[in-house]
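Geometric and topological summary
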Amino acid sequence: MTSGPNAEVSTAPFVRLAAVTKRFRETPPALDSVDGVIAGGRITGLVGPDGAGKTTLIRLMTGLMLPDEGAVEVLGYDTRKDPASIQAAIGYMPQRFGLYEDLSVQENLDLYADLRGLPLAERSRTFAELLEFTDLARFTTRLAGKLSGGMKQKLGLACALLRKPRLLLLDEPGVGVDPISRRDLWKMVENLTAEGIGVLWSTAYLDEAEACDHVLLLNQGKLLFAGSPQEMTGRVEDRVFRLSGTVGRRRERLARLLEEEGVVDGVIQGEAIRLVMEPGLTPPSLEEPSSGRATATPPRFEDAFVDMLGGGPGGRSRLAETQRPFAADGGRPVIEARGLTKRFGDFTAADNITFDIPRGEIFGLLGPNGAGKSTTFKMLCGLLKPTAGEGRVAGFDLRRDAAEARNRLGYMAQKFSLYGDLSVLQNLNFFAGVYGLSGAKKRERIELMTQIFDFRAIHDRSAKDLPLGLKQRLALACAVLHEPEVLFLDEPTSGVDPITRREFWTHINGLVEKGVTVLVTTHFMDEAEYCDRISLIYRGQSIALGSPDEMKARVAGKDLPDPTMEDAFIALVQGSEAREAE
Amino acid sequence: MSAEPKKRESERSGRARRFAALVRKESYQVVRDPSSILIAFVLPLILLFLFGYGVSLDTTQTRIGLVVEEATPLTRDLAASFQASRYFAVVNGRDRREFEDDLVLGRVRGIVVIPARFAADHAAGRHPAVQVIVDGSDPNTANFVQNYAQGTVANWERQRTLEGQSQPPAIAAEQRFWFNPQLTSRNFLVPGSIAIVMTLVGTLLTSLVVAREWERGTMEAMMATPVSAAELLAGKLLPYFILGLTSMTLCVLLAVFLFGVPFRGSVVALYALSATFLMPALGQGLLISAATKNQFLASQLALISAFLPAFLLSGFLFEINSMPTVIQWITFIVPARYLIPSLQTVFLAGDIWPMFARAIAVMFLIGCIFFALAARSTRKRIG
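This section reports on the structure supplied with the text.

Conventions we followed
Residues numbered from 1 in each chain as written. Chains lettered and ligands numbered in written order. Predicted model: local features only at pLDDT ≥ 70, side-chain atom pairs only at ≥ 80, totals over all residues. Pairing = 2+ DSSP bridges. Helix = DSSP H or I, 4+ residues; strand = E, 2+ residues; numbered from the N terminus. Axes fitted to C-alpha atoms, helices over the stretch in contact; angles between N-to-C directions. Contact = placed C-beta atoms within 7 Å. Nonpolar A, V, L, I, M, F, W, Y, C, P; charged D, E, K, R; others polar. Parallel < 35°, antiparallel > 145°, perpendicular 65-115°, else oblique. Left-handed = near helix turned anticlockwise from the far one by under 90°.

Residue and element names in this part refer to chain A. Spatial ordering of the open sheet is given by S16-S15-S18-S19, a layout of four strands whose pairing is antiparallel. Edge strands, defined here as strands with exactly one partner in the open sheet, are strand S16 (347-357) and strand S19 (396-397). With seven bridges connecting them, strand S15 (residues 335-344) and S16 associate as antiparallel partners. Residue pairing in the sheet places Ala337 in a bridge with Phe355 of S16.

In structure tokens:
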């Protein structure tokens, strides 16, 4: 969001990483010989999927952990020799904020002010400033535990800023925060850099990486890239294309394109397909004008990341190929929500949610944490009884036949609801049993999953010891063992690396082509792009419903010619708030 | 020139301020967290009521079978004194075989046989014997029946001697119980349970709250501030030390005023003993939480390594002298073993300082060991 680090070229590095290696018990090290610098006066993005080593690297910088090899130097102090001097000069916000939930906003501030030795004389001024800065002045007496995710994040930031640190370390500040708070937070941090403070912002969201001044890209403990995001996207300049005009069959088309020579990467983007080509090649469709129109489009960080990793996986899904097709049955919707409402006491968690999902569609519930997505989701799984309204899945009324309905659906949760202490094979056996498979059918399905996902070699490993990507595959395998006609996915790919994410969506796209119907909940804007239609859920209400492209078109205007999903989300939320205020 | 001392002074005031802030934070949390109140006040009340009213080791009205093999005035007289005893509920019979099954099934706790020769032996001046058959699988009750049966016979003898109907026995042992003449078990169970209560607050609660800080990530945020590990530990300990003493005070007041347990020692001794006991208790709590960093594990470990030993291996319920030798050795590292006899003494006998001094010394030593271990494992490091 700023133009770059050029203004602060003279700034000496605040953090110097020299061949830093950290090993835990597992054999591939958590950090493998990482070099890098973090400068003052700018935002450095520490970017990488979950499990890449981001948190470990930040802890090494705080001196709370020591490297096994190499050295970490922060503000001129070696973390081995002088952690106390470092801790006196940095602000650190760990992933879970470090707030005391049963202390009020003011009490948390007082505590950290005392711990950081903020002189009494400066307190009232500093508190007033920070409370205004974070817009928390109205909530000083509220317990921290009762704040929303975004407010907690801001309070955590305020606590870390009490005694103007020279270096601010933020571990995934964008997680669990709605896009509006996330933008606020970003602006606050940006203001800090103007005062010369160095900021490290770690994230698994690649769109956040694009906004940083400088990026350290980690993957599986290795530093893949260090430099400006422009330098990163420059690597795939002129190689990214948008294929439009393929409405309806775009998933099948993407699958075929991905198998073609010269295609590095491809994803669904609303009604279009986004393609990254080998240098010098153009998308095949340009030669056959009947199948859509390809236009060059500005590259994004993720395009370059996938290219750097050697390209995405192919477009074939063996899972989908073995799936028996579900015939279209007269256009009757597979999932129906009619005025679904859930009240907890006088709090309405979901208010009159209505939508239909026809067979073979991917439908998304998009919204920040706590908006009411999960409540709606749980009512449709038959796990929560609606206060009013009704839901039907595969023709079964959830009030009367919840068990029947559940037999037709496969469920995969964000945290991959696997049994960590069971082996891969035991998990497969267990879920097959739960879904009522037995005998030859059970053996056959488990064998098929083992082949498709290549589980043979890891059959005996505990699920909790698997790398994130394998866990994801296993969770998917467990959810589709019983060939469900409906799939419920709860934030299925947030935080996983882009390759695993593509592999996952290739399977889902393939299944959808065979007539499987998919409901996704997510707060992750990128996941929304894979959906045919989405419903924006905010404060318990559906404030907009339509295809991703329709949503974007609704908010497009002179000052926002090509809005992202996040732009659309923010504009729609603000519009709904404005209407409510009237 | 004055920069150095000034800096040192500001460091000292910073340390004091940090410590005060940590103590204040912890106190707010104790007051606002229902689980602290539960463990520090509700659980102790439940325990105390359980031991005050529910559990009693006194056996009154134990059912026994009484077999009088030959009915003579003399044996009838002895049988009558068994029937009159408030310790026994007597079922009469003519043959011990009538009661054998009952004894096995636990319907009677013992069989007292007044044999056919009893009257004859008595008349001949020989020492007449009464047979007592008990169920050795329940040694407590068996002992009780045996002792009280002997006591009943001895009383009967004495009674007859006084009335001049019998020759006095050559030597008669007369029993007298000091300090707790009625041998009311409540009088030693309640002081003992106060030690259990302090174990709950000191070890269980402390280990839980420290583990919670690890789980919620607040410990990590604390550590990245200028706070030192020692300040962190001390800031945790002081509030729970005070909470432990408050909880103890509540229990003592209840014990004395509600249960009528005598309090013959001094308040100074009570607090000196309790305060020292809290050292190993808190130290153990800290050590457990530093080692586990997980509330579930911490609670399990605290229950197994502190609560149960305080119950079972401290002499609270079971006599240490009757334990196997190996177990007896283990009891030496159980801090409650030193506190409970001293507490019982404070309540029932009074101040016996040589005994207290030894207990205090040993508890202090164990406390120091726990603290050293806890401090070692609570460095400012993660993972």
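Moving on from the coordinates now.
The next point concerns the sheet that holds strand S11 (residues 240-244) of chain A. Residues and elements named next belong to chain A. Strand order in this open sheet of four strands is S12-S13-S11-S14, and the pairing throughout is antiparallel. A strand with exactly one partner marks an edge of an open sheet, and here the two such strands are strand S12 (263-269) and strand S14 (293-296). For this sheet, the mean inter-axis angle between neighbouring strands, taken without regard to orientation, is 25°. As paired strands, S11 and S14 are joined by four bridges and run antiparallel to one another. Each bridged residue has a counterpart across the sheet, and for Leu243 the counterpart in S14 is Ala294. Helix-sheet contacts for helix H9 (residues 250-258) involve S12 and strand S13 (272-277), and the interaxial angle to S12 is about 170°. Each of S11, S12 and S13 is contacted by helix H10 (residues 301-308), which is oriented at about 145° to S12, the strand it contacts most.

Here the focus is the pairing of S11(A). As paired strands, S11(A) and S13(A) are joined by four bridges and run antiparallel to one another. Each residue of the ladder has a partner; that of Arg242(A), found in S13(A), is Arg274(A).

On the side of chain B, 23 residues touch chain A, which itself brings 23 residues to the contact. When residues of the side of chain A that touches chain B are traced back to their parent elements, those giving at least two are helix H1 (54-62), helix H2 (83-89), strand S6 (90-93) and helix H3 (105-115) of chain A. Classifying every residue of the side of chain A that touches chain B gives twelve nonpolar, five polar and six charged.

For the rest of this paragraph, the subject is the packing of helix H16 (residues 468-480) of chain A against helix H17 (residues 498-513) of chain A. Residues and elements named next belong to chain A. Their axes nearest at 10 Å, the elements H16 and H17 cross at an angle of 15°. By the criterion of interaxial angle, the relationship of H16 to H17 is roughly parallel. The element H16 and its partner H17 pack so that their crossing is right-handed. Judged by residue contacts, Gly469, Gln472 and Leu476 of H16 engage Thr500, Phe504 and His507 from H17. For the contact of H16 with H17, the class distribution of residues is two nonpolar, four polar and no charged.

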